[in-house]
Amino acid sequence: MGQRKLTARIVLHRFRGRRAESLVQIALGESAKRVHASAPVKTNTRESDYVLGTHDDEVARLGLQHRIWRSVVTDCWHRAGITHGWRVLDVGAGPGYATADLAEIVGPSGAVLGIERSARFLEAARERCARRGLTNVELREGDLMEVSLGNLGYDASWCRWVASFVSSPKKLVENIAGALRPGGVAIFHEYSDYETFRYMPVKPALESFMVEVMQSWRAAGGEPNIARELPQLLSDAGFRVTEIVPRVRTVSQRDYTWQWPKAFIQINIARLQELGRATPEWRADVLREFAEVEADAGAWFTTPMFLEIVARKE
Ligand SMILES: C[S@@+](CC[C@H](N)C(=O)[O-])C[C@H]1O[C@@H](n2cnc3c(N)ncnc32)[C@H](O)[C@@H]1O
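Quick summary incoming for the structure in this document.

How each quantity is defined
Residues numbered from 1 in each chain as written. Predicted model: local features only at pLDDT ≥ 70, side-chain atom pairs only at ≥ 80, totals over all residues. Near = placed C-beta within 6 Å. Helix = DSSP H or I, 4+ residues; strand = E, 2+ residues; numbered from the N terminus. Nonpolar A, V, L, I, M, F, W, Y, C, P; charged D, E, K, R; others polar. Buried ≥ 20, exposed ≤ 12 C-beta atoms within 10 Å, placed from the backbone. Pairing = 2+ DSSP bridges. Core = buried A, V, L, I, M, F, W, Y, C linked by C-beta atoms within 7 Å. Axes fitted to C-alpha atoms, helices over the stretch in contact; angles between N-to-C directions. Parallel < 35°, antiparallel > 145°, perpendicular 65-115°, else oblique. Contact = placed C-beta atoms within 7 Å. Expected span 1.5 Å × (residues − 1). Arc of directions from axis to C-beta.

**Structural notes on the site of the ligand**
- Contacts to the ligand come from 21 residues, most closely from G92, G94, R117, L144 and R160.
- Of all elements in the fold, only α1 (56-80) and α2 (97-106) reach the threshold of two or more residues within the shell around the ligand.
- Per-class residue counts for the shell around the ligand are 13 nonpolar, four polar and four charged.

Written as structure tokens, this is what we have:
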């Protein structure tokens, strides 16, 4: 589908302490539309073709994932300069866990714009922001492969675990580049070495689960280890990469991080079966081996490694 040109219209918006008229309505075309804070979301994107699914269990899992990595994330935002009054894009915002945290950091004089393809996730994000009393968040339904964000002049963008799932990471990076002001900062948390997803002692079905997850993302048109391509794509799009930090942990079951693969295995094994990629026998093997490592006080897990990438628009 061809890329749609977006036009920015103005709605009331706060910026850097001044009440200002600014860009907040983007006409996203028929396949994507703005989500108003109070309006019910009418689904017009396909929920079923997203490889990880958009059901309630996945919403809850993304919350767990956010809590597990939250300290790393907020430290990264802090070092990248995100502060009061900034206008920040949450690219592929999902159910809005990071969106809400960003909105609290930038405060009422700043703004957060979340772009997300799934109407179900947007609905969850809208409810979260309303519960937290946030009035500086705008959530828009849009497919980043089909629409251009336009020249928004934003201060920063946050993009976590999205680039692995898009058909063109180049288009994603160019879209972000177009939306930031010169000097604006683009921040990514994306996998670079998914194969580090490993249990000790080694369990064959759990190893094959990791391989199958990667294959399922590739079969859906994505690339698990997409972070390896981002520095070049960012440079080509006019960014200077200022920092790349590998993020990986090796944990025992006493560590909260252990809950991350636990939730992922339990939820994704069902999704893989739904997608026709898992037999009941293999599913049973994976869950049996996971029960074994859970029962083993000497077992350890290494997380799939991702890169924290910070880049400035020249
Ligand atoms: C693993 S989730 C991460 C969500 C969120 N960034 C977070 O960290 O919790 C990946 C998200 O990317 C969204 N996504 C994937 N492809 C997209 C696209 N082409 N346009 C917009 N969102 C997309 C999915 O709908 C999903 O919400």
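There is more to say, and it comes next.
**Some remarks on the pairing of strand β5 (residues 111-116)**
- With six of its six residues buried, β5 lies for the most part within the structure.
- In β5, alternate side chains face the same way, and those of A111, L113 and I115 on one face and V112, G114 and E116 on the other are all buried.
- Inspection of the sheet shows strand β4 (residues 87-91) paired to β5 by five bridges, in the parallel sense. Bridge assignment links R87 to a residue of β5, and that residue is A111.

**Digging into the nonpolar core**
- The biggest cluster of nonpolar side chains holds 84 residues, and the ones touching the most others in it are V88, A156, W158, I176, A186 and I187.
- For this core, the leading source of residues is α1, giving eight residues.

**Re the sheet that holds strand β12 (residues 300-302)**
- The three strands lie next to each other as β9-β12-β11, forming an open sheet whose pairing is antiparallel. Each of the sheet's edge strands pairs with one partner strand only, and the pair in question is β9 (198-200) and β11 (250-252). Taking each pair of neighbouring strands and ignoring which way they run, the sheet shows an average axis angle of 25°.
- Two elements, β9 and β12, share three bridges in a ladder whose sense is antiparallel.

**Focus: the packing of helix α7 (residues 259-274) against helix α8 (residues 280-295)**
- Direction vectors running N to C along α7 and α8 enclose 175°, while the axes themselves pass 10 Å from each other. Classed by the angle they form, the pair α7 and α8 counts as roughly antiparallel. The residues of α8 that touch α7, namely those facing I265, I269 and Q273, are R283, V286, L287 and F290.
- In the contact of α7 with α8, the residues fall into five nonpolar, one polar and one charged.

**Remarks on helix α5 (residues 204-219)**
- For α5, spanning 16 residues, the distance from its first C-alpha to its last is 22 Å, which sits close to the expected 22 Å at 1.5 Å a residue.
- Of all the residues in α5, the buried ones are L206, F209, V213, M214 and W217. Take α5 and look down its axis: the buried residues cluster within an arc of 130°, on one side only. Away from the buried face of α5 by more than 90 degrees, exposed residues P204, V211 and A219 are located.
- Those residues of α5 that are buried are in contact with β9, α7 and α8.
- Within two residues after α5, G221 carries a phi angle of roughly 95°, on the positive side.

Remember, this is a structural readout, not a statement about activity or role.
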